[in-house]
Structures are given as C-alpha cells and as structure tokens.
Amino acid sequence: MKTWIAKAADRQEKWWLVDAEGKTLGRMASEIAMILRGKHKPTFTPNTDTGDFVVVINPEKVLVKGRKSEQKIYYRHTGFFGGLKETSFKEMLAKKPEDIVQTAVRGMLPKNKMTSQVIKKLKVYRGASHPHDAQNPQPLVSKLK
C-alpha cells in the first residue's frame, strides 16, 4: 500500500473568520493552530503546508481565566546584555492585542521550519472590520467558548 502525500497542486485553501470576543485565549489559539496546519482536512501531510488562512477580529475582547490577567507576563529580549523586557497581559491588551493572539497561536504550532510559513496565514485585526472581504471568509463555528 502506498502512502499518499499532498502536493502544492492539490492544495485548496479556504479563509476562516474568528471573532475573538468572549473566547478563551488558549482554547481559541489551539483551534486556530489546527486550522493553520491543516489537521482538520483529510489531506493533512505533516511536512507540507496544507492549512487554511484565518482572520481574527476583536482580539482586544479575548478572555483569560482566573488571575492570568494580572499574573501573565510576556518576555522578549533586545539582544543586548541585560536586555530582557517584561510586559504584563494588561499592558499588551491595551497596546498590542494583536500580538497576544499571534503569540498564543505561535506557541501552539510545532517548532520547525514550517512555523514561519504557517504563521503568515494568520491575520489579526483590531476591531470588527478587516480588509479580506474579497476572500469571503466563512465564520469558524467553534465548540469552545
């Protein structure tokens, strides 16, 4: 029996729309990561990009459970000695809510060469409007809340 492997010509990409309002950050991020990789399709191949595009709107209205809104901290390094910078969840939510969703989804993806290629299919926009109306994104019906 031969193993079927997806090729670039076999790829059919869809566009999905996710409204982050009232959704839990981690649960939403894991679902988005699954769609970006293409694991929801029967043609999934681990070493080929078979995923779809995802547009996320309203990232400023995402929820976190418990005391994470006070305790969660995002770290980044400038590259210089002593350059470790900390930003709390509340500060990120006020300044760059798009980065919260992007960081959460990136953390759910496997750490390999395809990660940078797959994460480019994630589009996050503040507010309820987005410039991808021409692609006709379908709302993602989620079992999670």
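Details of the structure are given in the entry above.
Residues numbered from 1 in each chain as written. Predicted model: local features only at pLDDT ≥ 70, side-chain atom pairs only at ≥ 80, totals over all residues. Heavy atoms only, no water.

S.K.: Teacher, can you tell me more about the pattern of salt bridges here?
M.R.: Where side chains of opposite charge bring their charged atoms close, a pairing between them can arise. Under the criterion given, the structure shown has eight salt bridges. Close ionic contact of Glu13 with Arg11 constitutes a salt bridge, the shortest N to O distance being 3.6 Å. Among the residues examined, Glu13 registers a relative accessible area of 35% and is labelled partly exposed. Because the salt bridges share partners, they merge into one network encompassing Arg11, Glu13, Asp49 and Lys121. (Salt bridge = Lys/Arg side-chain N within 4 Å of Asp/Glu carboxyl O. Buried < 20%, exposed > 50% of the residue type's maximum accessible area, 1.4 Å probe, protein only.)

S.K.: Hey, could you run me through the nonpolar core in this one?
M.R.: Note that soluble globular proteins tend to have their nonpolar side chains buried in a common cluster. Ranked by size, the top nonpolar core spans 28 residues in total, and within it Leu25, Met28, Ile32, Val54, Val56, Val105 and Leu122 carry the most contacts. Of all elements in the fold, only β1 (15-19), α1 (25-37), β2 (53-57), α3 (89-95), α4 (97-108), α5 (115-119) and β5 (122-125) reach the threshold of two or more residues within this core. Sort the elements by how many residues they give to this core and α1 lands first, with seven residues. In contact with Leu122, other than residues within four places in its own chain, are Ile32, Leu36, Val54, Val56, Gln102 and Val105. (Core = buried A, V, L, I, M, F, W, Y, C linked by side-chain atoms within 4.5 Å. Helix = DSSP H or I, 4+ residues; strand = E, 2+ residues; numbered from the N terminus. Contact = heavy atoms within 4.5 Å.)

S.K.: I would appreciate a short explanation of the pairing of strand β4 (residues 84-88) in the present structure.
M.R.: Every other side chain in a regular strand lies on the same face of the sheet, so the side chains alternate between the two faces. Where strand β3 (residues 73-77) lies against β4, five bridges are found, and the strand directions are antiparallel. Pairing of His77 across the sheet is with Leu84, part of β4. Connecting the antiparallel pair β3 and β4 is a turn made up of six residues, with Gly79 showing a positive phi of about 105 degrees. (Pairing = 2+ DSSP bridges.)

S.K.: In this structure, what is going on with the packing of α1 against α4? I would like to understand it.
M.R.: Packed helices, taken two at a time, are described by their axes: the angle between them and the distance between them. At a minimum axis separation of 8 Å, α1 and α4 run at an interaxial angle of 60 degrees. As summarised for this structure, α1 and α4 are arranged oblique, according to the angle between their axes. The handedness of the crossing between α1 and α4 is right-handed. Seen from α1, the contacting residues are Leu25, Gly26, Met28, Ala29, Ser30, Ile32, Ala33 and Leu36; seen from α4, they are Ile100, Val101, Ala104, Val105 and Met108. (Axes fitted to C-alpha atoms, helices over the stretch in contact; angles between N-to-C directions. Parallel < 35°, antiparallel > 145°, perpendicular 65-115°, else oblique. Left-handed = near helix turned anticlockwise from the far one by under 90°.)

S.K.: What should I look at first to understand the environment of Gly22 in this one?
M.R.: Looking at where Gly22 falls in the secondary structure, it is placed in the loop between β1 and α1. Judged by relative accessible area, which is 37%, Gly22 ranks as partly exposed. Along the primary structure Gly22 and Glu60 are separated by 38 residues, whereas in three dimensions their C-alpha atoms are 9.9 Å apart.

S.K.: Honestly, the environment of Thr3 in this entry has me stumped. Any pointers?
M.R.: Within the secondary structure layout, Thr3 lies in the segment before β1. Residue Thr3 is classed as exposed on the basis of its relative accessible area of 70%. The spacing of Thr3 and Thr78 is 75 residues in sequence and 45 Å in space, taken between C-alpha atoms.

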